[in-house]
Amino acid sequence: MITEKEKKNLKQFYRAILALEDEEECRKFFDDVATIKEALDLSARLEVARLLDEGVVFSEISKATGASSATISRVNKCLTYGEGGYRTVLGRIAGGNGKDK
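Residues numbered from 1 in each chain as written. Predicted model: local features only at pLDDT ≥ 70, side-chain atom pairs only at ≥ 80, totals over all residues. Heavy atoms only, no water.

(A) Broad picture of a nonpolar patch on the surface. On the surface, a nonpolar cluster with roughly 480 Å² of combined accessible area is contributed by Ile2, Leu10, Phe13, Tyr14, Ile17 and Val33. A total of 4 residues in the nonpolar patch trace back to one element, the largest contributor, which is helix α1 (residues 4-19). Inspection of the secondary structure puts Phe13 in helix α1. (Patch = residues over 30% accessible without salt bridge, like charges linked within 9 Å, V, L, I, M, F, W, Y side chains within 5 Å. Areas by Shrake-Rupley, 256 points an atom, 1.4 Å probe, with all protein chains shown as cover. Salt bridge = Lys/Arg side-chain N within 4 Å of Asp/Glu carboxyl O. Helix = DSSP H or I, 4+ residues; strand = E, 2+ residues; numbered from the N terminus.)

(B) Just the pattern of salt bridges, in detail. Applying the stated criterion across every chain yields a total of 8 salt bridges. In this structure, Lys37 and Asp41 form a salt bridge, with 2.9 Å as the shortest nitrogen-oxygen distance. Of this pair, Lys37 and Asp41 both sit in helix α3 (residues 36-53), separated by 4 residues, roughly a single helical turn. Put simply, Glu60 and Lys63 hold a salt bridge, and the shortest N to O gap is 3.6 Å.

(C) Representation of the packing of α3 against helix α5 (residues 69-81) in the model. Following both chains from N to C, one finds α3 and α5 inclined at 65 degrees, their axes separated by 9 Å at the closest point. As for how α3 packs across α5, the hand of that crossing is right-handed. Touching Arg45, Val48, Ala49, Leu52 and Asp53 of α3 are Thr71, Ile72, Val75, Asn76 and Leu79, all from α5. Of the residues in the contact of α3 with α5, the class split is 6 nonpolar, 2 polar and 2 charged. (Axes fitted to C-alpha atoms, helices over the stretch in contact; angles between N-to-C directions. Left-handed = near helix turned anticlockwise from the far one by under 90°. Contact = heavy atoms within 4.5 Å. Nonpolar A, V, L, I, M, F, W, Y, C, P; charged D, E, K, R; others polar.)

(D) Broad picture of α3. With 18 residues, α3 ought to run about 26 Å at 1.5 Å a step, and its terminal C-alpha atoms sit 26 Å apart, in line with that. The set of residues buried in α3 consists of Val48, Ala49, Leu51 and Leu52. Taken down its axis, α3 places every buried residue within 165 degrees of arc, on the same side. Packed against the buried residues of α3 are α4 (58-65), α5 and α6 (85-93). (Expected span 1.5 Å × (residues − 1). Buried < 20%, exposed > 50% of the residue type's maximum accessible area, 1.4 Å probe, protein only. Arc of directions from axis to C-beta.)

Now the structure itself:
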């Protein structure tokens, strides 16, 4: 269960990300706020989502990214049943509006 304080902190974090104006500002922020391992883990999950969205099979995704089957399964579950965050981002970084799928 997320506490009210944690909710407030998350909201502040999301607003901070939205306040960033370009990729360089984003890189600097994440360099400061996260370890390289944390940033790499998040970026790997996005790559797993991209590959899943393209129809790549779990074993190939694991080979390509080094992600565990548990991570791939979790990302797949989020793509299938989640809030739509991965799909929004994948659509936007591919040049779409995030509502393509």
